[in-house]
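Here's the letter readout for the chains.
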Amino acid sequence: MAPKSSKSAKQVKQASGAAATPARKAARKPLAKKPARPDGPPPLTLEEDLKAYREMLLIRRFEEKAGQMYGMGLIGGFCHLYIGQEAVVIGVLGAMKPGDQVVTGYRDHGHMLACGMDAKGVMAELTGRAGGYSKGKGGSMHMFSIEKDFYGGHGIVGAPVPIGTGLAFANKYRGNDNVSLTFFGDGAANQGQVYESFNMAELWRLPVVYVIENNQYAMGTSLARGSAQTNLSKRGVSFNIPGEQVDGMDVRAVRAAAVKAIEWCRAGKGPYILEMLTYRYRGHSMSDPAKYRAKEEVNKMRQEHDAIEQVRHRLLESGKSEDELKEIDREIRAIVNDAAQFAQDSPEPDPSELWTDVLADANVGV
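Treat the numbers as computed from the prediction; the structure is a model and nothing was measured.

Below, the discussion takes up the side chain of N178. Relative to the elements of secondary structure, N178 occurs in the loop between α7 (160-174) and β2 (180-185). Exposure remark for N178: the relative accessible area of 13% places this residue in the buried category. Side chain to side chain, N178 and K97 meet in a polar contact 2.8 Å long. From its side chain, N178 meets the backbone oxygen of G99 in a polar contact 3.3 Å long.

Once that is clear, we can look at the packing of helix α3 (residues 46-71) against helix α6 (residues 119-126). Where α3 meets α6, the axes come as close as 11 Å, and the angle between the chain directions of the two elements is 25°. Relative to α6, the element α3 is oriented roughly parallel. Relative to α6, α3 is oriented so that their crossing is right-handed. Here α3 contributes F62, K65, A66 and M69 to the contact with α6, which in turn contributes A119, V122, M123 and L126.

Where α3 meets helix α4 (residues 86-93), the axes come as close as 10 Å, and the angle between the chain directions of the two elements is 135°. By the angle between their axes, α3 is oblique relative to α4. Taken as a pair, α3 and α4 cross one another with a handedness that is right-handed. Touching A52, E55, M56, I59 and R60 of α3 are E86, A87, V89 and I90, all from α4. Per-class residue counts for the contact of α3 with α4 are 6 nonpolar, no polar and 3 charged.

Read from one edge of the open sheet, 5 strands run β1-β2-β3-β5-β4, paired in parallel fashion. In the strand order of this sheet, the two ends are held by β1 (101-103) and β4 (243-247), each with one partner. Neighbour-to-neighbour, the strand axes of this sheet turn through a mean angle of 20°, independent of strand direction. Bridge count for strand β3 (residues 208-214) against strand β5 (residues 272-277) is 6 bridges, and the pairing is parallel. Across the sheet, residue V211 finds its bridge partner in β5, namely L274. Sheet strands in contact with helix α8 (residues 192-203) are β2, β3 and β5, and its direction is about 150° off that of β3.

With that settled, the discussion passes to the nonpolar core. The biggest cluster of nonpolar side chains holds 69 residues, and the ones touching the most others in it are V92, L181, F183 and V209. Per-element tally for this core: the top contributor is α3, with 10 residues. With sequence-adjacent residues up to four places away left out, F183 is seen in contact with V88, V89, V92, L93, V102, V103, T104, G105, H111, P160, V211 and E213. By size, the runner-up hydrophobic cluster in this structure holds 17 residues, among which are V161, A168, I212 and I241.

With that settled, the discussion passes to the environment of G91. Among the secondary structure elements, G91 is positioned in helix α4. Distance in space between the C-alpha atoms of G91 and M56 is 9.6 Å, their sequence separation being 35 residues. When sequence neighbours within four positions are dropped, the list of residues in contact with G91 reads V251, V254, R255 and A258.

Before going further, it helps to examine the pattern of salt bridges. If you walk through the whole model with that rule in mind, you get 22 salt bridges. The partner of D306 in a salt bridge is R60, with the nearest N and O atoms 2.9 Å apart. Here the residue D306 occupies a position in the loop between α11 (295-305) and α12 (307-317), and R60 occupies one in helix α3, the gap between them amounting to 246 residues. D306 sits in the buried class, given a relative accessible area of 6%. With a closest N to O distance of 3.1 Å, K137 and D357 form a salt bridge.

Rules of the game
All residue numbers refer to position in the chain's written sequence, counted from 1. Only residues with pLDDT of at least 70 get local features here, since the model is predicted, and only at 80 or more are side-chain atom pairs given and counted; chain-wide, interface and lining totals rely on the full set of residues. For the side-chain quantities, the full set of heavy atoms in the structure was used; hydrogens and water were omitted. Only DSSP runs of H or I covering at least 4 residues are called helices, and only runs of E covering at least 2 are called strands; the numbering of each starts at the N terminus. Per-residue accessibility, obtained with a 1.4 Å probe over protein chains only, is compared with the maximum for each type, and a residue is labelled buried under 20%, exposed over 50%, and partly exposed between these values. Contacts described as polar in this section are N or O atom pairs within 3.5 Å, which, within protein, must combine one atom able to donate a hydrogen with one able to accept it, while residues neighboring in sequence count only if both atoms come from side chains. Helix axes are fitted to C-alpha atoms over the stretch in contact, other axes to C-alpha atoms as well, and angles between N-to-C directions run from 0 to 180 degrees. Put simply, angles under 35 degrees are roughly parallel, angles over 145 are roughly antiparallel, angles from 65 to 115 are roughly perpendicular, and the rest are oblique. By definition, any crossing whose near helix is turned counterclockwise from its far helix by less than a right angle is left-handed, and any crossing with a clockwise turn is right-handed. The contact rule is simple, with two residues in contact once any of their heavy atoms fall within 4.5 Å. Three classes are used, and their members are as follows: Ala, Val, Leu, Ile, Met, Phe, Trp, Tyr, Cys and Pro are nonpolar, Asp, Glu, Lys and Arg are charged, and the others, Gly among them, are polar. When DSSP finds two or more bridges between two strands, those strands count as paired. We define the nonpolar core as a collection of buried residues of types Ala, Val, Leu, Ile, Met, Phe, Trp, Tyr and Cys that are connected through side-chain atoms lying within 4.5 Å of one another. Think of a salt bridge as a Lys or Arg side-chain nitrogen and an Asp or Glu carboxyl oxygen that are within 4 Å of each other.

Set out below in structure tokens:
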């Protein structure tokens, strides 16, 4: 006869729980919580809230229209929408000054609009038309504007980090006080080039703010399944780079953290890391059905944490009327509709454009 177990039912349950696989534990891990701030983020003025509302709403409506045009076949290739993450770029860029540079990855339309690039030129580039910022040859992930200090959308995962670090090196070399604002995602945070850049940036005290837009799922894998250290603000610890987790769904918190980080860099103290806890409402790209997460999770984020709705409620509490906010929405929709019409009316690039902006020997035949 087998001996009776001396363990209680509770002990057996605890033991079986401890034996759960890492994958199962990761699957049970809750969504990253917003960092606690007992006193709340510093408030914005009514004018600042209104400006943030307009700018975030422009990104939201632009991206919604881009999604529609992709579905109609007017936009080809890849198209990564920024819906849900608007507070990150608007809050960070709200703290910059003229001369500061911006570089980001492939989820870049919102960054372009936040830099002041014309919605018509951005939409025309998405549709591959001559009126686009890259003359219709770059598409969604490859736009650039020296005039607006925007140094790209880049399709290679992690590529913005060494580029942004190089911009910061140029600032240091030239002796100006400009800061490089370098955006990348949680999926790119495991790239080797990121850590090489971190090391150089701290070694040379380069003025660069690394903004990690942690939307929880990278290209489709949750952060808990793909990263041993899920607090990405700590990724600079071994390089002595300070970091901070920020509620990336609250434009006030983002703005306050960005002001602090940019001041750190401008004072010659070296780089700074900001991990923005944010969330994308759509899939990784337009071709991603996002079946790796529950609809209830997405709906909860939309209903309880939406960045634009937070500002909208504050504006209403400050005395703005529903009619005034609806008028702003109508104005934004008109801008986006004009951009969409411009894109469709703009001609396709002339075939001669195949040979422009390309390094080639004119004496060598094709």
